[in-house]
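Next come the chains, spelled out residue by residue.
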Amino acid sequence: MTVFLFVASSMSYDVRANLVIIACISIYSLAAILFPFDSDAGVFYGFVVLFILITTYALSVIFGLSFFSRFGELGYVNLRRYPSSYVYWVPIFLGFLGLVFIVVDRVMFRGINPFLVSPAEARNIMSQGDGGVSSVFSLAGNIFQCFCIVPAYYMISRSEYRFWVFVFSFSIATLSSYLLGGRTPILCFVVISFATWIYFSRYSMSLKSSFYSLVGILSLGFFGVYVFVLRAELSGLDSYSYATKLIVHLGFSKDFSAFSEPSGIGDYWNFLLLVIGYLVHPFFVSSDAVLNGSGAGNASFYAVLFLLSKFLPIDLSGFKHDYYELFLSLPGGLYYDFGVLGLLLGGFFLAAIYLFGAIVASFLKGRADFPFILILFVISTLLLSPLLSSINFVFFNFYIFILFSYFFLIFTLKIGFGNSK
């Protein structure tokens with residue numbers, strides 16, 4: 001991997017970014033082979049639909065970069081720098097304010113004290129509600145806490161790594177996941193931050209960047225294990241019983257024998273395998289969708305419709321698909337809804353967004369950030385594609401919306417002072 005990063009560092013931003021994307025997706029895909037699935041087809045068709053989507057995207061980007069090369073270097077040129085109050089401390093303040101609003105909503109309007117119940121219990125209580133917006137504190141809190149992505153993006157894109165900025169931003173995302181009893185906020189935060197590093201980094205793998213990457217990966221893994229520990233305790237099952245029961249639900253073979261007896265380190269091993277199983281099971285689900293999917297409902301936009309249903313009278317029962325309780329990958333969902341044509345158009349559409357962002361950034365000489373947010377949307381979507389469609393992560397939509405709107409506002413009002421050195 002080090003050799004690959006060294007070679008990539010000598011290429012243009014757009015070329016090496018896409019090479020790293022494909023490398024990450026390939027490593028992720030190969031991990032699925034190590035797990036036995038309960039099907040003769042296994043994960044084969046999951047690989048096929050992913051291959052079609054990525055190939056269509058890659059060919060479209062290659063053609064586009066060649067065609068638009070006359071505009072000069074697409075993408076990064078010279079990023080403007082802004083006062084730290086605008087890009088660090090104001091977003092961090094808004095992020096912590098969002099957490100306060102979430103706590104107020106949970107205590108006063110939902111009757112849940114997050115300091116007395118576990119995240120798993122809180123999630124279980126909230127799932128029994130009507131699914132609507134309980135108060136303005138809930139709506140404002142879920143939006144404000146997403147401002148933590150602003151300093152993370154700015155810090156990585158300018159290579160201005162500040163320890164306390166990293167700690168505060170990451171803490172907001174982690175506490176958000178804790179209060180909501182899920183992994184989505186921290187997962188999307190890490191993926192978008194990693195996408196930013198892929199595009200803007202020179203891949204020098206300095207000690208500082210390596211430390212931040214290691215902390216992010218370990219924290220995400222620990223949080224994933226912690227969530228399953230809490231859910232197992234809530235169900236009253238030990239780690240072995242809970243893991244073996246859930247692994248069958250995810251589509252794995254019933255004779256999966258990698259779990260250990262529940263004792264000491266064996267408990268953590270069981271939950272770690274369960275986290276990995278959750279990450280790779282969409283390949284099996286996608287294969288099943290290709291072979292047995294009915295096409296009923298809608299897999300590609302269900303989460304968006306779910307979000308809109310909190311404000312509009314939308315009957316979600318007609319949109320529920322065969323796999324709505326499981327993770328269906330982006331290519332799996334596109335095939336389920338639209339067939340092979342959906343895969344081809346999906347890859348082309350992502351490439352078009354990427355190229356549009358690169359062209360706008362080139363015309364603006366890199367002095368505006370919002371075109372890069374479009375590029376990060378594509379990179380993050382591709383990194384998440386083997387797991388789930390990015391727009392089916394509600395917090396992913398919030399993060400991208402906050403990033404794009406914030407930096408578009410800064411560019412429009414010309415709040416920033418000076419250019420990068």
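Quick caveat, the model's predicted, so the values are computed rather than measured.

1. Some thoughts on the overall build of the chain
Point 1. When helices and strands are counted, the chain shows 16 helices and zero strands.
Point 2. Looking at the chain residue by residue over its 421 residues, the buried ones come to 51%.
Point 3. Summed over all atoms, the accessible surface of the chain reaches about 19300 Å², with 70% contributed by carbon and sulfur.

2. Points about the pattern of salt bridges
Point 1. One pass over the structure, following the stated rule, counts three salt bridges.
Point 2. The partner of R158 in a salt bridge is D369, and the shortest N-O contact between them spans 2.6 Å. Here R158, found in the loop between α7 (149-157) and α8 (163-180), pairs with D369, found in the loop between α14 (330-363) and α15 (370-384); they are 211 residues apart in sequence, far enough to count as distant. You'll find R158 and D369 in the same group, each marked buried.

3. Thoughts on the nonpolar core
Point 1. Formed by 118 residues in total, the largest nonpolar core has its most connected members in F189, Y199, I379 and Y399.
Point 2. In terms of residue count, the dominant contributor to this core is helix α9 (residues 184-200) (twelve residues).
Point 3. Residue contacts for F189: discarding those within four places in its chain leaves C148, I149, A152, S169, F170, A173 and Y399.

4. Details of the packing of aromatic side chains
The way to describe two aromatic rings as a pair is by their centre distance and the angle between their planes.
Point 1. Tallied over the full model, the rule gives 36 aromatic pairs.
Point 2. Ring geometry for W89 and F168: centres 6.5 Å apart, planes at 75 degrees, overall edge-to-face. With W89 in helix α4 (residues 84-109) and F168 in helix α8, this residue pair connects regions lying 79 residues apart in the sequence.
Point 3. Since its relative accessible area comes to 37%, W89 is described here as partly exposed.
Point 4. For F168, a relative accessible area of 29% puts it in the partly exposed group.
Point 5. An aromatic cluster is built from F101, F137, F144, F147, Y153, Y199, F200, F372, Y406 and F407, whose rings are joined through pairwise contacts.

5. Concerning α8
Point 1. Under the 1.5 Å per step criterion, the end-to-end length of α8 is 26 Å for 18 residues, consistent within 8% with the ideal 26 Å.
Point 2. Three or more residues of α8 are buried, namely V165, F166, S169, F170, I172, A173, S176, S177, L179 and L180.

6. Here's the deal with a nonpolar patch on the surface
Point 1. On the surface, W89, F163, W164 and F211 cluster together into a nonpolar patch covering about 460 Å² of accessible area.
Point 2. Mapped onto the elements, F211 comes out in helix α10 (residues 207-235).
Point 3. Under the relative-accessibility criterion, F211 is labelled partly exposed at 42%.

7. Thoughts on helix α12 (residues 265-292)
Along an α-helix, a turn takes 3.6 residues, which lines up residues three or four apart on a common side.
Point 1. In a regular helix each residue adds 1.5 Å, so 28 residues correspond to 40 Å; α12 covers 39 Å between its end C-alpha atoms and thus fits that length.
Point 2. A bend of about 40 degrees at L279 is the largest found in α12, and the proline P282 appears one to four places after it.

8. Here's the deal with unusual backbone geometry
Point 1. Here S159, not a glycine, exhibits a phi torsion of approximately 55 degrees, which is positive.
Point 2. Mapped onto the elements, S159 comes out in the loop between α7 and α8.
Point 3. Judged by its relative accessible area of 49%, S159 is partly exposed.

9. A few points about the environment of G297
Point 1. By secondary structure assignment, the location of G297 is in the loop between α12 and α13 (302-309).
Point 2. A relative accessible area of 29% means that G297 is categorised as partly exposed.
Point 3. Linking G297 and D337, residues 40 residues apart in sequence, is a C-alpha distance of 8.2 Å.
Point 4. Aside from chain neighbours lying at most four places away, what touches G297 is G318, F319, K320, H321 and D337.

10. Description of the environment of G333
Point 1. Examined against the element boundaries, G333 turns out to sit in helix α14.
Point 2. Assessed through its relative accessible area of 5%, G333 is described here as buried.
Point 3. C-alpha of G333 to C-alpha of S389: the two residues are 56 residues apart in sequence and 7.6 Å apart in space.
Point 4. Residues in contact with G333, not counting those within four places in the same chain, are A299, S300 and L328.

11. Observations concerning the packing of helix α3 (residues 44-67) against α12
Point 1. Where α3 contacts α12, the axes come no closer than 6 Å and their chain directions differ by 90 degrees. The angle between the axes of α3 and α12 places the two elements in the roughly perpendicular class. Note on element contacts: α12 touches α3 through F283, S286, S287, V290 and L291, opposite F44, Y45, G46, F47, V49 and L50.

12. Here's the deal with the confidence of the model for the chain
Point 1. This prediction gives the chain a mean pLDDT of 82; 84% of its residues lie at or above 70.
Point 2. The least confident element of the chain is helix α1 (residues 2-8), whose mean pLDDT is 44; the most confident is α15, at 95.
Point 3. Contacts of residues 1-10 to residues separated by more than four positions or lying in other chains number eleven contacts, the stretch itself having pLDDT below 50.
Point 4. In this model, residues 416-421 is a region of pLDDT below 50 whose contacts with residues beyond four sequence positions or in other chains number 20 contacts.

What counts as what
- Residues numbered from 1 in each chain as written.
- Predicted model: local features only at pLDDT ≥ 70, side-chain atom pairs only at ≥ 80, totals over all residues.
- Heavy atoms only, no water.
- Helix = DSSP H or I, 4+ residues; strand = E, 2+ residues; numbered from the N terminus.
- Buried < 20%, exposed > 50% of the residue type's maximum accessible area, 1.4 Å probe, protein only.
- Areas by Shrake-Rupley, 256 points an atom, 1.4 Å probe, with all protein chains shown as cover.
- Salt bridge = Lys/Arg side-chain N within 4 Å of Asp/Glu carboxyl O.
- Core = buried A, V, L, I, M, F, W, Y, C linked by side-chain atoms within 4.5 Å.
- Contact = heavy atoms within 4.5 Å.
- Phe/Tyr/Trp six-rings, centres within 6.5 Å; stacked < 30°, edge-to-face > 60°.
- Expected span 1.5 Å × (residues − 1).
- Patch = residues over 30% accessible without salt bridge, like charges linked within 9 Å, V, L, I, M, F, W, Y side chains within 5 Å.
- Bend = angle between axes of the 7 residues up to and from the residue.
- Axes fitted to C-alpha atoms, helices over the stretch in contact; angles between N-to-C directions.
- Parallel < 35°, antiparallel > 145°, perpendicular 65-115°, else oblique.
- pLDDT = per-residue confidence, 0-100.

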